[in-house]
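Structure assessment
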Amino acid sequence: MEIILMMIKSLLLGAAAGIAALGAAQAADLPMTKGEAVEYVKVCSTFGPGFFYIPGSDTCLKIGGEIRADYRAFGGDTPVNVGKSQSFSRNDNRSAFNTQGRIWFDARTQTDWGLLRSYFQINADSHPISAQGRGGTYNGNTFSIDKAFIQFGGLTAGYAHSFFGFYDNEYGDTIWAPYYAESSTVNLLAYTAQFGGGFSATLSIEDGRDHRANAFDGLGVSPAGGFVYIQGGQQVPDVVGQLRYDADWGALAVQAAAHQNRSGEGTSTVATSLGDPIVNSSKYGFAVGATGLIKLPFIDGGHFIVEGQYADAATQYLGAGNTWLGATDRFIANTIPTRVNSGKGWSIVGELGGNITPVLNANLVGSYIDIKYDAARGGGAVDYSMNELTFAGNLTYTIVKGLSVAGEVSYTRVDQQNGFFNGTFHDAKANTWEGGIRIKRTF
């Protein structure tokens, strides 16, 4: 029996060896193939964390985003209908919530001619809240382009922040509270020259339609009763220039802008008992400003920054679009229909902020705007003026990396003189406040 088992074992081993040899011989006759190389995504450290090489190219890309959940409350009284104050009515929102999603793409390539960069950001709001929180309309979902521009060396082209000032673009650390400074994103074509030693200069051609404060007057009576003014189309874009100096201790800048106002074809030219008719005309406004930044080395991210500006017929550069009353560029005097008046004034904003601890950030912001219109309206040919003062403070606590909760409170004082409403003049003062919490996830 043992001999039989030994013979069976020998036969099985021999068969296995024969099969293996046969397989090897057949494999030797097959053509050899090489597996395709797998191209893995590689980290791009040239431009900081978060960038990676787009496979098959030398372009580095960073994709990021945010989710912001806002919960706000409003109180006090406010001017409405110009020249009148009232408390919040049953038609106004005393509380309002909104959720905003943001996503951005930042692509950069280092070339022989300098850095080539393109940036695109889109925002989506569930139900946007007005700056004042007023109004009973529940706005639907909205999508908006926040930025979309190309940079190549010193050239910037596309939809970007105006080059007038830099407070709003680089700081502007309120959560919702208004402040009065240039805060427009505009279509532009700009070039920045670097002179070394921290000095630079920028010349920017910007779409004037993006710099209009409410874009129209609308304070005259109807053509049948006399006259009316309508904003015309743009002929000449805005021209913005800035000189800037950056150093370890902070930065300084001076800026200026030229802006065209132009009446439209619908402007009434009907003569009235008040005088000669209004004629179509163009008026060139301007704005000048300066910014100063001091970095506070004794606190992480500590800074104190002040930005101020003066404007005539270019009040958007003052931050007029952020006011409760919604200041406009031009007004017409009912008693002098041939005279097209333009708003002029000044504004200033200051901010003190920094990181109290590695996870707690604090900011205090104060801002003031003062705009006047000569003989703006009414039978007495009186002057009209308005000013606003806002204070705001906020704290942001970082729970874990990428997740934070912030709270903010703000107060706005509105003072209006010779506002015209229901046939009479009014001086109006109002006090408003708002507060809220934001939960934000950044990735």
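Residues numbered from 1 in each chain as written. Predicted model: local features only at pLDDT ≥ 70, side-chain atom pairs only at ≥ 80, totals over all residues. Heavy atoms only, no water.

1. Examining the state of the cysteines
Put simply, the rule is: Put simply, a disulfide is two cysteine sulfurs that come within 2.5 Å. The helix count covers DSSP runs of H or I at least four residues long, the strand count covers runs of E at least two residues long, and both are numbered beginning at the N terminus.
One pass over the structure, following the stated rule, counts 1 disulfide. A sulfur-sulfur distance of 2.1 Å marks the disulfide that ties Cys44 to Cys60. Across the S-S bond linking Cys44 and Cys60, the dihedral sits near 80°, which makes this disulfide right-handed. A residue pair is termed long-range when its members are at least 10 positions apart, and Cys44 in the loop between helix H1 (2-29) and strand S1 (52-53) and Cys60 in strand S2 (residues 60-80) qualify at 16 residues.

2. Concerning the pairing of strand S7 (residues 155-161)
The test is simple: Between any two strands, at least two bridges found by DSSP are needed for them to pair.
Direction of pairing for strand S6 (residues 142-152) relative to S7: antiparallel, over a ladder of 5 bridges. What sits directly across from Phe152, in S7, is Leu155. Adjacent in sequence and paired antiparallel, S6 and S7 are bridged by 2 residues, among which Gly153 carries a positive phi angle near 60°. As paired strands, S7 and strand S8 (residues 185-196) are joined by 7 bridges and run antiparallel to one another. Paired with Leu155 across the strands is Tyr191, a residue of S8.

3. Focus: the packing of aromatic side chains
This is how the line gets drawn: The aromatic pairing rule takes the rings of Phe, Tyr and Trp, using the six-membered ring of Trp, and pairs them if the centres are within 6.5 Å, calling planes under 30 degrees apart stacked, those over 60 edge-to-face and the rest tilted. Here the term buried applies to any residue with accessible area under 20% of the maximum for its type, exposed to any over 50%, and partly exposed to those in between, with areas from a 1.4 Å probe on protein chains only. In this analysis the charged atom, NZ for Lys or CZ for Arg, is taken to sit over a ring once it is within 6 Å of the ring centre and within 35 degrees of the ring normal.
Summed over the entire model, instances satisfying the criterion amount to 9 aromatic pairs. Between Tyr167 and Tyr179, the aromatic rings sit 5.2 Å apart at their centres with planes inclined by 80°, giving edge-to-face as the arrangement. Linking Tyr167 in helix H2 (residues 167-170) with Tyr179 in the loop between H2 and S8, this pair joins segments that are 12 residues apart in sequence. Just as Tyr167 is buried, Tyr179 falls in that class too. Ring-pair connections join several aromatic residues into one group, and the members of that group are Phe199, Tyr245 and Trp249. Just above the ring of Tyr53 sits the side chain of Lys42; from NZ or CZ to the centre is 5.7 Å. Taking the ring centre of Phe166 as reference, the NZ or CZ of Arg244 above it sits at 4.0 Å.

4. Some details on the pattern of salt bridges
Where charged atoms of side chains with opposite charge meet at close range, the side chains can pair. Put simply, the rule reads: In the sections that follow, a salt bridge refers to a side-chain nitrogen of Lys or Arg positioned within 4 Å of a carboxyl oxygen of Asp or Glu.
One pass over the full model with this rule turns up 12 salt bridges. Note that Glu66 and Lys440 form a salt bridge whose closest N and O atoms lie 3.9 Å from each other. With Glu66 in strand S2 and Lys440 in strand S20 (residues 424-442), the pair connects residues that are 374 residues apart, well separated along the chain. A residue is classified by how much of its surface remains accessible, and Glu66, at 9% relative accessible area, is buried. Classification of Lys440 by relative accessible area gives partly exposed; the value is 24%. A salt bridge links Asp207 to Arg209; its shortest N-O distance comes to 2.7 Å. When its relative accessible area of 13% is taken as the criterion, Asp207 is described as buried. A relative accessible area of 53% places Arg209 in the exposed class.

5. Some words on the side chain of Gln255
Stated formally: What qualifies as a polar contact is a pair of N or O atoms within 3.5 Å, subject to a donor-acceptor requirement within protein and to the restriction that residues adjacent in sequence count only when both atoms come from side chains. For this analysis, residues touch if any pair of their heavy atoms sits within 4.5 Å.
Note on placement: Gln255 falls in strand S11 (residues 250-262). A relative accessible area of 4% means that Gln255 is categorised as buried. Within the local environment of Gln255, its side chain forms a polar contact with the side chain of Gln242, the two groups lying 3.1 Å apart. Apart from the residues within four sequence positions on either side, Gln255 is in contact with Phe164, Gly165, Gly241, Gln242, Ala287, Val288, Gly289, Ala290 and Thr291.

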